[in-house]
Amino acid sequence: MKFDNYKLIVGLGNIGTRYDNTRHNLGFIFLDILKEIRNLSDFTSDKKSNFLISKNQTFNMMKPSTYMNASGLAVLSYISKNKCKPEEILIIHDELNLKDGEIRFKEGGGSGGHNGLKSITSSIGQNYHRIRLGIGHPGEGVGDFVLAKSDLSHWKEKIKNLIESDSLA
């Protein structure tokens, strides 16, 4: 499976500098690296949308501006306007249920407690594809753990290698 097989690639995260370099923003970080490596268009917004979009020849990239817990509203808005099916969408997100540094591709499935995925599934169903970026589970204090500023340099290198291989499976 390759990135070009999708019409829309969505990175999950939260808008604002407060959330930069947090584990919960790995989806946004992934898209920023993909944009840079592939020399894709910048993310832009218009007043009518609830997302930032990078429009490109083979696929578009989206950063929902609804915050994580309402990501489904942004995805639903896009697919309603652009006639995109859920199976043509790739969602990239942090994953507590995988070891830190582990990457897995998944088709469909449950949310695993991830509020962004819950929102997307309730809006468009679960037939979308995912790249799960493992951050490990802290046991307690999940909110603080995912939103704490972190050194994500190991993640940036892993993401870069995945993108350059252009293979998701």
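Quick note: structure is the one above.
Here's what I pulled together on the structure shown here. Everything numeric in this text was worked out from a predicted model, so none of it was measured.

1. Quick look at the pairing of strand S2 (residues 51–54)
With four bridges connecting them, S2 and strand S3 (residues 60–64) associate as antiparallel partners. Considered in S3, the bridge of Ile53 is made with Met62. In textbook terms, the turn of a hairpin is the stretch between consecutive antiparallel strands, and for S2 and S3 this stretch comprises five residues.

2. Section: the layout of surface pockets
Taken as a whole, the largest pocket encloses approximately 290 Å³ of empty space. Lining the largest pocket are 19 residues, with His24, Met68, Asn69, Asn115 and Val146 sitting closest to its centre. At the level of elements, strand S4 (89–95), helix H3 (115–124) and helix H4 (142–147) are the ones that each hand at least two residues to the lining of the largest pocket. A total of four residues in the lining of the largest pocket trace back to one element, the largest contributor, which is H4. Per-class residue counts for the lining of the largest pocket are seven nonpolar, ten polar and two charged. By volume, the second largest pocket is sized at about 220 Å³. Along its surface, the second largest pocket is lined by 13 residues, and Asp46, Ser49, Phe51, Ile53 and Lys55 are the ones closest to its centre. Broken down by secondary-structure element, the contributors of at least two residues to the lining of the second largest pocket are S2 and helix H2 (71–82). Looking at which element gives the most residues to the lining of the second largest pocket, the answer is H2, with four residues.

3. Structural notes on the packing of H2 against H3
Axis separation between H2 and H3 bottoms out at 7 Å; the angle between their running directions is 35°. The hand of the H2/H3 crossing is right-handed. Along its contact with H2, which presents Ser71, Gly72, Leu73, Val75, Leu76 and Ile79, the element H3 presents Gly116, Ser119, Ile120, Ser123 and Ile124. Of the residues assigned to the contact of H2 with H3, the class counts are six nonpolar, five polar and no charged.

4. What to know about the nonpolar core
Soluble globular proteins tend to bury their nonpolar side chains together. Within the largest apolar cluster, 25 residues are counted, with the highest numbers of intra-cluster contacts made by Ile9 and Phe30. Mapped by element, the contributors of at least two residues to this core are helix H1 (26–38), S4, strand S6 (129–134), H4 and helix H5 (153–165). No other element matches the six residues that H1 contributes to this core. Apart from residues no more than four positions distant in its own chain, Ile9 is found in contact with Phe3, Leu31, Leu34, Phe59, Asn60, Met61, Met62, Leu90 and Ile92.

Cut-offs used in this document
For every chain, the first residue of the written sequence is number 1, and numbering continues from 1 along that sequence. In view of the model being predicted, local features appear only for residues whose pLDDT reaches at least 70, and side-chain atom pairs are presented and counted only at 80 or more, with totals across whole chains, interfaces and linings using the full set of residues. Calculation of side-chain values draws on the structure's entire complement of heavy atoms; hydrogens and water are dropped beforehand. Paired strands are those between which DSSP finds at least two bridges. Secondary structure follows DSSP: runs of H or I at least 4 residues long count as helices, runs of E at least 2 residues long count as strands, and numbering of each begins at the N terminus. The distinction between a cavity and a pocket rests on a 1 Å grid over the protein atoms alone: a 1.4 Å probe fits inside a cavity but cannot get out, while a pocket stays open yet meets protein on both sides within 12 Å along at least five of seven lines, and a residue with an atom within 4 Å of a point counts as lining. Grid points are joined across faces, edges and corners, and a volume is the space filled by probe spheres set on the points. Polarity classes work like this: nonpolar for Ala, Val, Leu, Ile, Met, Phe, Trp, Tyr, Cys and Pro, charged for Asp, Glu, Lys and Arg, and polar for all others, with Gly in that last group. Here the axes come from fitting lines to C-alpha atoms, over the contacting stretch only for helices, and the angles between their N-to-C directions go from 0 to 180 degrees. Two helices crossing with the near one rotated counterclockwise from the far one by less than a right angle form a left-handed crossing, whereas a clockwise rotation gives a right-handed crossing. We call two residues in contact when some of their heavy atoms are within 4.5 Å. Take the buried Ala, Val, Leu, Ile, Met, Phe, Trp, Tyr and Cys residues and link them wherever side-chain atoms come within 4.5 Å; each set so joined is a nonpolar core. Here's how the labels work: a residue is buried when its accessible area is under 20% of the maximum for its type, exposed when over 50%, partly exposed in between, all with a 1.4 Å probe on protein chains only.

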